[in-house]
Number of protein chains: 2
Amino acid sequence: MPMEILKTVQVMQKKAHEFIRQGLKIGLVPTMGFLHEGHIELMRVTRKETDKLIVSIFVNPAQFGPDEDFDKYPRDSEGDIKKAQLAGVDVLFMPTADEMYQGDYQTTVHLDKVTRGLCAISRPGHFDGVTTVVAKLFNITMPHTAVFGRKDYQQLAVISRMVKDLNMDIRIIGVDTVREPDGLAMSSRNKYLNPDERKSALCLKKSLDLANRMFEKGERDAALIKQAVNDLIREYPFTRIEYINLCHPSTLEDINTLGDETILALAVYVGKTRLIDNCLIK
Amino acid sequence: MPMEILKTVQVMQKKAHEFIRQGLKIGLVPTMGFLHEGHIELMRVTRKETDKLIVSIFVNPAQFGPDEDFDKYPRDSEGDIKKAQLAGVDVLFMPTADEMYQGDYQTTVHLDKVTRGLCAISRPGHFDGVTTVVAKLFNITMPHTAVFGRKDYQQLAVISRMVKDLNMDIRIIGVDTVREPDGLAMSSRNKYLNPDERKSALCLKKSLDLANRMFEKGERDAALIKQAVNDLIREYPFTRIEYINLCHPSTLEDINTLGDETILALAVYVGKTRLIDNCLIK
């Protein structure tokens, strides 16, 4: 079966109903396009878990702030279509913003707690944009399983909470971050980095490794781990720390003393590029 | 088939999946129970339009304000079960509040414009409670068609807008208000009225009739119609007007000059009981 490219909500919903009527389980990978190996890994996982693989590509204006990179966010429809075909995608859903937000649009899905802290501080409204568009994509593609990368850890936590709270009958799977050979987490935004910045960008993965080593040696004091990570990042040129956070894996509440499972989450500017990364410390 | 009474989200979703696998179209009538002829009419309409009739009974705490009548809202589970059986309901979904709002619950579905004005002014947060619980009930019962009374006109407009905005693949049907022989709109809250108040409660329907007569005679000035309705209601003892509104049928925006279709919406206290009613003027 060749890959289908669908652009309207109505046709996508009709196709989803067709799959469901045939008893097929739908898997969804929502993306903003400019596909890289991280996205391809999400597709691989989804293919194994479901019968039909739907990938959405939609650079969602609602999740970008007024001073953010919506306009210059990298786009490559032709390249994305080829990569999706190679990855065995059944349906590529590529709506326009006008198709997604029609006429007198006025609805938001809002979460109260897990959307505070971390990325929410510098990106007010970002997670409302994410939860709303993901709720819409779920209603449009009707997935049994939806797959997200752990690189956007807060996004995964927020969506998992939304699905539970709104009783969406969808299984959410988080997939481990795919990294470049030297450890940098794959991200469409890595494209913004010049060669010198690219070298400094390694500080994020180095920080995660350092924190893990400290934990293995018995360190449980969050403040001390944060201080060490802070010192490490500052050694790299062009870097500006937005946050270094140790928090609970599902509530994302700050942790002072590390227990069985803790998330270390980082947001660091390298030049003008904002990078995020995280790991589970256990 | 005898009526099934289900109390948990999980069992309800399993049942809904069963219906869908069999190719059956599900109809949902969401209610707060204390069923009257108005609800039964919604069920009749739903039965005609779908294969399986699900009725939910849930007095949703999230849509009552702190000073409102959540605790004293009339409840009659046994009577409701009998009435639902007689009405040919296939599944009665009766969850507890703990079942609906579990653990660290924190998600709200919010609409921006159509939730302003009318009932929203005296009931802040009410429509967030309504849209959120209805979104949940939709995800739990997976209806093809959901049916609401036009008596709660703003609720119907809000839910119609939410369904459209969030791309829920659900048909929403509004059903004309069922009235007592003398014209009073059926409502669970009519139970609160003493015999004298019950007489005064007729002012709402009399207002709708008056406005329609004025329109038929050529009156198009909203202010004059509102004034006439205001004067009429004030002739009835125990009444206190909350609002008299002439607005657009779907946006609910105020209208100064009546066109092809206008909604007249009223909220009037009769004694301590808040009653609402409305009609389409065309």
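Owing to the predicted nature of the structure, the values given are computational and were not obtained by experimental measurement. (Residues numbered from 1 in each chain as written. Chains lettered and ligands numbered in written order. Predicted model: local features only at pLDDT ≥ 70, side-chain atom pairs only at ≥ 80, totals over all residues. Heavy atoms only, no water.)

Student: Would you take a moment to explain the relation of the copies chain A and chain B for this structure?
Tutor: Between the two copies of this chain, the relationship is a rotation about some axis together with a displacement along it. Note on the identical chains: chain A maps onto chain B by a rotation of 180° and an axial translation of 0.0 Å, with an RMSD of 0.0 Å. In the structure described here, the two chain copies are related by an operation that fits a two-fold rotation axis. In terms of C-alpha distance to the rotation axis, chain A has V109(A) as its closest residue, with the C-alpha 2.2 Å off the axis. Taken together, the interface assignments show that 100% of the residues at the interface of chain A recur at the interface of chain B, consistent with an identical surface on both copies. (Least-squares fit on C-alpha atoms with pLDDT ≥ 70 in both. Contact = heavy atoms within 4.5 Å.)

Student: Looking at this model, I keep getting lost on the pairing of strand β6 (residues 145-149) of chain B. Mind explaining?
Tutor: Residue and element names in this part refer to chain B. Taken across its 5 residues, β6 has 4 buried, putting it largely inside the fold. Alignment of strand β2 (residues 26-31) against β6, held across 2 bridges, turns out to be parallel. Paired with G27 across the bridge in β6 is T145. The β-α-β motif built from β6, the intervening helix α7 (residues 153-165) and the parallel element strand β7 (residues 171-175) has right-handed crossover chirality. (Buried < 20%, exposed > 50% of the residue type's maximum accessible area, 1.4 Å probe, protein only. Helix = DSSP H or I, 4+ residues; strand = E, 2+ residues; numbered from the N terminus. Pairing = 2+ DSSP bridges. Right-handed = clockwise from strand over helix to strand, strands pointing away.)

Student: Quick question: what am I supposed to make of the pattern of salt bridges here?
Tutor: Two side chains of opposite charge can pair, provided their charged atoms sit close to one another. A complete count under the given rule lists 33 salt bridges over all chains for this structure. With a closest N to O distance of 3.0 Å, D182(A) and R198(A) form a salt bridge. Here D182(A) is found in the loop between β7 (171-175) and α8 (195-200), whereas its partner R198(A) is found in helix α8, with 16 residues between them in sequence. Relative accessible area serves as the criterion here: at 24%, R198(A) is assigned to the partly exposed category. Where R116(B) meets D112(B), a salt bridge forms, and the shortest distance between an N and an O atom there is 3.7 Å. Exposure remark for R116(B): the relative accessible area of 52% places this residue in the exposed category. When its relative accessible area of 35% is taken as the criterion, D112(B) is described as partly exposed. (Salt bridge = Lys/Arg side-chain N within 4 Å of Asp/Glu carboxyl O.)

Student: For this particular structure, what's the right way to read the side chain of Q154(B)?
Tutor: All names here are of chain B. On the secondary structure map, Q154 appears in helix α7. Judged by relative accessible area, which is 4%, Q154 ranks as buried. From its side chain, Q154 meets the backbone oxygen of G117 in a polar contact 3.4 Å long. Apart from residues no more than four positions distant in its own chain, Q154 is found in contact with V114, T115, R116, G117, L118, C119, A120, F127 and L252. (Polar contact = N/O pair within 3.5 Å; in protein donor to acceptor, adjacent residues only side chain to side chain.)

Student: Please clarify how the domain arrangement of chain A should be interpreted in this entry.
Tutor: A common way to express how large an interface is: the accessible area buried when the components associate. Residue and element names in this part refer to chain A. When cut into domains, chain A gives domain 1 (4-175) and domain 2 (188-281). Averaged C-alpha coordinates put domain 1 and domain 2 at centres separated by 26 Å. Between domain 1 and domain 2, the residue contacts involve 20 residues of the former and 17 residues of the latter. Interface area lost by domain 1 to domain 2 is led by L118, K151 and Y153, which between them contribute 38%. Across the salt bridge formed by D69 and R189, the nearest N and O atoms sit 2.9 Å from each other. Across the contact surface, domain 1 and domain 2 share 9 residue pairs in polar contact (both at pLDDT 80 or more). Elements that contribute at least two residues to the side of domain 1 that touches domain 2 include exactly α5 (119-122) and α7 (153-165). Considering every element that reaches the side of domain 1 that touches domain 2, the biggest residue donor is α7, with 3 residues. (Domains from an automatic or database assignment. Buried area = accessible area lost by both parts, 1.4 Å probe.)

Student: What's the story with the sheet that holds strand β4 (residues 91-93) of chain B in this structure? I'm lost.
Tutor: Within a beta sheet, neighbouring strands are joined by backbone hydrogen bonds and run either parallel or antiparallel to one another. Residues and elements named next belong to chain B. With parallel pairing, 6 strands are arranged side by side in an open sheet as β1-β4-β3-β2-β6-β7. If you trace the sheet from one side to the other, it starts and ends with β1 (4-6) and β7, each paired once. Recorded for the sheet is a direction-independent mean angle of 25° between the axes of neighbouring strands. Here β1 pairs with β4 via 3 bridges, running parallel. Considered in β4, the bridge of I5 is made with L92. Packed onto the sheet, helix α6 (residues 126-141) meets β2, β3 (52-57), β4, β6 and β7 and runs at close to 145° relative to β2. (Axes fitted to C-alpha atoms, helices over the stretch in contact; angles between N-to-C directions.)

Student: Would you mind showing me how to read the confidence of the model for chain A here?
Tutor: Interpretation of this model should avoid reading the predicted coordinates in detail wherever pLDDT is low. Summarising the model, chain A shows a mean pLDDT of 97, and 100% of its residues fall at 70 or more. This complex was scored by the predictor with a pTM of 0.96 and an ipTM of 0.95. (pLDDT = per-residue confidence, 0-100.)

Student: Just checking my understanding: could you explain the interface of chain A and chain B for this structure?
Tutor: With 30 residues of chain A at the contact, the number on the chain B side is 30 residues. When the area that chain A buries against chain B is broken down by residue, the three leading residues are Q106(A), L166(A) and N167(A), summing to 26%. Here chain A and chain B share 2 salt bridges between them. A salt bridge links K113(A) to D104(B), with the nearest nitrogen and oxygen atoms 2.6 Å apart.

Student: Help me understand the packing of aromatic side chains, please; the structure alone is not making it clear to me.
Tutor: To describe a pair of aromatic rings, one takes the distance between the centres and the angle between the planes. A full pass over the atoms with the stated rule returns 8 aromatic pairs over all chains. Ring geometry for F64(B) versus F70(B): centroids 5.4 Å apart, planes at 65°, classification edge-to-face. Taken together, F58(A), Y101(A) and Y105(A) form an aromatic cluster joined through their ring pairs. One cation-aromatic arrangement involves R220(A) over F215(A); the distance from NZ or CZ to the ring centre is 3.7 Å. Positioned above the aromatic ring of Y192(B) is the side chain of K72(B), whose terminal nitrogen or guanidinium carbon lies 4.3 Å from the ring centre. (Phe/Tyr/Trp six-rings, centres within 6.5 Å; stacked < 30°, edge-to-face > 60°. Lys NZ or Arg CZ within 6 Å of the ring centre and 35° of its normal.)

Student: Explain unusual backbone geometry to me, please; I cannot follow it from the model alone.
Tutor: A negative phi angle is the norm for most residues apart from glycine, just as the trans form is the norm for most peptide bonds. Phi at N167(A) takes a positive value of approximately 55°, unusual for a residue other than glycine. Assignment of secondary structure puts N167(A) in the loop between α7 and β7. Exposure remark for N167(A): the relative accessible area of 10% places this residue in the buried category. With phi around 65°, L252(B) is a residue other than glycine that occupies positive phi space. Using a relative accessible area of 7% as the deciding quantity, one classes L252(B) as buried.

Student: In this structure, what is going on with helix α10 (residues 222-234) of chain A? I would like to understand it.
Tutor: Helical geometry note: an α-helix holds 3.6 residues per turn, so side chains three or four residues apart project in the same direction. Residues and elements named next belong to chain A. For α10, built from 13 residues, the straight-helix expectation of 18 Å at 1.5 Å per residue is met to within 8% by its first-to-last C-alpha distance of 18 Å. Here α10 has its buried residues at A222, I225, V229, N230, L232 and I233. Here the buried residues of α10 occupy an arc of 165° about the axis, which is enough to place them on one side. Of the exposed residues in α10, those oriented more than 90 degrees away from the buried face are A223 and R234. Taken together, the buried residues of α10 touch α9 (203-216), β8 (239-247) and β9 (262-270). For α10, the capping residue at the N-terminal end is D221, with a side-chain oxygen 2.8 Å from the backbone nitrogen of A223. (Expected span 1.5 Å × (residues − 1). Arc of directions from axis to C-beta.)

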